[in-house]
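Each chain, written out:
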Amino acid sequence: MERSRADIRRRMEQLVRRWREVPPFGMLVYFAALATFWWLVPFGDLETIIGDNIAQVAYFRVLFRPNLVGSIGASSMKPALILLLGATHELSRALFDSGVLVRLFFAASAAGLATIVARIAKDAGGALAGAIAALYLVMLTPVRDMFANGSSMIVFFPLLFWGLWLWSRGHQRAGALVLCLSSLTRIESLAVLAWLCAAEQLLRRNWRGVVFTGAVTALTLAFTAFVYYRVQGSVARFNAGGPGAGYIFSDDPSALHRLRDSLVFTGTASYKMLAERCGPPSFIVPALGGIFFDRSRRIYTALLGVPLFLNVYFASGSGSPELRYFEFLVPAAASFGAAGLARALHFGRSAPSRPRWFACGALALVAILARALGAKEVAYSALLPLGALGFGALDAVSIERLWPRPVPVLLWVLLAAAATKEIAWGDWPRHFGRAVYTNDAQVLLRSRRLPRNSRVLAEDDVIYSVIVRDADFFKRATALQYFNIQDEAARTEILDQTDYVAVSLGAHSFYYLHYDPQHRGDSDPFRAALSRHGTPHVYGHRLKLVDSSPAWRLFKVQHGHS
């Protein structure tokens with residue numbers, strides 16, 4: 001009994017000691033970033049964010065409504081976002097009748113990203129590097145746009161980099177758990193975990209680590225499969241957002257051609273993300289130096305698992321290459337770019353003159369060659385560590401004559417001035433308005449010709465927008481995009497269970513009348529029936545036009561020959 005009390009007392013003392021050892025730097029960065037995203041960066045409400053995440057809230061509501069299972073396929077499900085964002089939305093509506101908690105959720109996630117980026121940079125280059133990394137991330141990268149449009153990346157990146165940081169500190173089990181949690185937001189982090197498991201556990205014969213990582217990964221996949229089946233009701237629809245739900249992303253039948261194109265896209269997208277979407281100035285060259293000299297570089301190299309996964313994803317035809325998939329490079333560039341500048345500053349301060357001048361000459365040559373080849377972003381990026389070397393050399397000279405060192409103080413002043421300028425006069429992202437599918441959902445809900453509690457065949461994107469607004473509006477819903485890929489027997493069965501067909505005339509690229517990846521428009525009897533006047537007969541049913549407006553064509557399904 002005495003031993004157990006002593007153990008409890010010792011553990012409590014350890015917790016208190018660890019709490020006291022926590023530096024205030026991380027807390028300062030977190031609350032400063034939280035205030036910035038909450039007060040300064042524009043954000044609308046749930047219906048102004050990216051459609052993929054509106055769909056996650058709809059999936060959350062489908063979890064508790066069996067009649068809506070299989071209604072939506074427009075987005076790949078992200079179980080963590082379904083539960084976190086969905087529950088946040090429900091609580092916000094219940095307590096405040098608004099989406100205020102949705103904004104707080106994304107602001108807290110964005111602040112968490114700034115904090116972990118600053119922590120990685122601080123570990124590699126000191127507090128000044130951490131402050132530079134956080135400021136660069138918030139002010140000069142697409143992170144503000146990610147927050148403004150509610151991208152899943154803003155939730156995914158803090159977990160991904162927190163997991164990598166834990167792994168770099170030797171906490172492999174905790175890191176594996178956090179990376180598994182991040183994979184519930186975006187599946188590509190499993191490729192990062194697989195890289196770490198192979199390189200840091202399997203090759204080093206850490207069998208206990210391999211077993212633990214394999215076990216938590218298996219549990220993560222099992223939970224993901226459970227959520228998928230609970231929402232979709234069919235294993236055939238597990239690739240939600242892909243071919244199984246009616247979205248064909250490539251017409252090229254050759255997987256080899258798709259792989260070649262995706263590899264080329266990987267290179268161009270990486271350069272565009274780091275050189276054109278970040279800065280100016282770009283942190284490309286400082287980041288290369290920062291990660292090269294970082295002792296944990298082999299851990300962060302596991303980020304290469306993301307483009308490896310993406311190339312398989314694109315080559316399989318399950319998705320289309322998009323620049324936003326390479327936004328994972330942004331936090332890495334901010335943290336290691338700041339660390340690289342800190343390393344250059346230290347080198348300029350402490351290195352003998354000959355190595356210092358050699359480094360300056362090499363960086364100047366890089367800048368000249370890059371500018372001559374037309375890559376001005378890389379040229380300007382190479383000048384950053386060159387300037388840091390110069391500051392370090394200036395500080396070394398001043399040590400002999402002045403005290404304290406003036407350069408670090410000067411840099412902190414310049415950093416504060418840059419932050420103040422950006423906050424006061426910076427180019428903040430615009431407010432993102434409601435997309436066409438959210439407006440169409442509102443029109444559909446107000447339609448007097450479409451009764452509540454009906455079985456409706458409608459646009460996929462509109463279905464999830466309706467469910468988010470009014471989860472009990474549909475008795476049953478089926479996506480036109482899913483209907484489009486079925487054979488005649490399956491189409492007949494779907495129409496047997498449908499009361500109304502609602503087809504949008506809007507210009508959204510994935511709407512039924514616009515999206516025809518199998519080029520069936522000229523020979524498809526259903527598409528032909530939707531364009532006719534009167535009451536056309538199709539698949540054993542009649543479609544009676546009951547409402548026509550600039551936004552919608554609404555048909556009543558008359559079953560059989562009635």
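Residues numbered from 1 in each chain as written. Predicted model: local features only at pLDDT ≥ 70, side-chain atom pairs only at ≥ 80, totals over all residues. Heavy atoms only, no water.

Caption draft 1: Just the overall build of the protein, in detail. The helix and strand inventory of the protein stands at 24 helices and six strands. In terms of overall dimensions, the protein has a C-alpha envelope of 100 × 75 × 50 Å along the principal axes. Every one of the 562 residues in the protein was classed for burial, and the buried ones make up 50%. When contacts within the protein are restricted to residue pairs at least 6 apart in sequence, long-range pairs at least 24 apart make up 70% of them. Of the roughly 26600 Å² that the protein leaves accessible, carbon and sulfur atoms contribute 62%. Computed over 59 positive and 40 negative side-chain charges, the separation of the two mean positions in the protein equals 7 Å. (Helix = DSSP H or I, 4+ residues; strand = E, 2+ residues; numbered from the N terminus. Buried < 20%, exposed > 50% of the residue type's maximum accessible area, 1.4 Å probe, protein only. Contact = heavy atoms within 4.5 Å. Areas by Shrake-Rupley, 256 points an atom, 1.4 Å probe, with all protein chains shown as cover. Lys, Arg positive; Asp, Glu negative; His and termini not counted. Charge placed at Lys NZ, Arg CZ, Asp CG, Glu CD.)

Caption draft 2: Representation of the environment of Val436. When you line up the elements, Val436 lands in helix H20 (residues 436–446). In this structure, the C-alpha to C-alpha distance between Val436 and Val462, residues 26 residues apart in sequence, is 8.9 Å. Not counting residues up to four positions away in its chain, the partners in contact with Val436 are His508 and Tyr511.

Caption draft 3: Geometry of the pattern of salt bridges. Scanning the model with the defined rule gives 17 salt bridges in all. Salt-bridge contacts for Arg61 lead to Glu90; the nearest nitrogen and oxygen are separated by 2.6 Å. Here the residue Arg61 occupies a position in helix H3 (residues 51–63), and Glu90 occupies one in helix H4 (residues 79–96), the gap between them amounting to 29 residues. For the salt bridge of Arg204 with Glu200, the shortest nitrogen-to-oxygen distance reads 3.4 Å. Owing to a relative accessible area of 7%, Glu200 belongs among the buried residues under this scheme. Within this structure, Asp45, Glu47, Arg434 and Arg469 form a network of salt bridges that share partners. (Salt bridge = Lys/Arg side-chain N within 4 Å of Asp/Glu carboxyl O.)

Caption draft 4: Up close: the pairing of strand E5 (residues 541–548). Bridge analysis of strand E4 (residues 537–538) against E5 gives two bridges, and the strand direction is antiparallel. Counted as the bridge partner of His537 is Arg542 from E5. Counting the residues in the hairpin turn of E4 and E5 gives two residues, including Tyr539, whose phi is positive at 50°. For E5 and strand E6 (residues 552–558), the ladder comprises six bridges, and the chain directions are antiparallel. For Lys544, the partnering residue across the bridge sits in E6 and is Lys556. Linkage of E5 to E6, two consecutive antiparallel strands, is achieved through a turn of three residues. (Pairing = 2+ DSSP bridges.)

Caption draft 5: Structural detail: the packing of aromatic side chains. Here the structure, examined in full by the defined rule, presents 19 aromatic pairs. Taking the centre distance of 5.3 Å and the plane angle of 75° together, the rings of Phe105 and Phe106 count as edge-to-face. Across the pair, exposure class does not vary: Phe105 and Phe106 are buried alike. Each member of the aromatic cluster is reached from another via a ring pair, and the members are Phe37, Phe43, Phe105, Phe106 and Phe147. A cation over an aromatic ring shows up here: Arg173 above the ring of Phe212, its NZ or CZ 5.0 Å from the ring centre. The positively charged end of Lys556 is found above the aromatic ring belonging to Tyr500, 5.5 Å away from the centroid. (Phe/Tyr/Trp six-rings, centres within 6.5 Å; stacked < 30°, edge-to-face > 60°. Lys NZ or Arg CZ within 6 Å of the ring centre and 35° of its normal.)

Caption draft 6: Examining the packing of helix H5 (residues 100–125) against helix H16 (residues 329–350) more closely. At a minimum axis separation of 8 Å, H5 and H16 run at an interaxial angle of 30°. By the angle between their directions, the pair H5 and H16 is classed as roughly parallel. Between H5 and H16 the crossing geometry is right-handed. Residues Leu113, Val117, Ile120, Ala121, Ala124 and Gly125 of H5 touch H16, and the partners they reach there are Pro331, Ala334, Ser335, Phe336, Ala338, Ala339, Ala342 and Arg343. (Axes fitted to C-alpha atoms, helices over the stretch in contact; angles between N-to-C directions. Parallel < 35°, antiparallel > 145°, perpendicular 65-115°, else oblique. Left-handed = near helix turned anticlockwise from the far one by under 90°.)

Caption draft 7: Highlighting the side chain of Asp460. By the element assignment, Asp460 lies in helix H21 (residues 460–469). The charged side chain of Asp460 is buried without a salt bridge, its nearest counter-charge being Arg237 at 6.2 Å.

Caption draft 8: Quick peek at the side chain of Thr88. Structurally, Thr88 is set in helix H4. Ignoring anything within four residues of it in the chain, the contact list for Thr88 reads Leu101, Val102 and Phe105.

Caption draft 9: A look at the pairing of strand E3 (residues 500–504). Of all five residues in E3, five are buried; the element is thus mostly enclosed. Bridging between strand E1 (residues 454–458) and E3 involves two bridges; their strand directions are parallel. Paired with Val456 across the strands is Tyr500, a residue of E3. Where E3 and E6 come together, five bridges link them in antiparallel fashion. Pairing of Tyr500 across the sheet is with Lys556, part of E6.

Caption draft 10: How the structure looks around the nonpolar core. In terms of nonpolar packing, the biggest core is built from 139 residues, with Phe37, Phe106, Phe157, Ile467 and Phe474 touching the most fellow members. Dropping the residues within four chain positions of it, Ile467 is found in contact with Ala58, Arg61, Val62, Leu68, Ile72 and Phe474. (Core = buried A, V, L, I, M, F, W, Y, C linked by side-chain atoms within 4.5 Å.)

Caption draft 11: Looking closely at the sheet that holds E1. Strand order in the open sheet made by the six strands is E2-E1-E3-E6-E5-E4, with mixed pairing throughout. The open sheet has two free edges, formed respectively by strand E2 (474–479) and E4, since each of these has just one partner strand. Running at roughly 50° to E6, H20 makes contact with E2, E3 and E6 of the sheet. Here H21 sits on the sheet in contact with E1, E2 and E6, set at roughly 155° to E2.

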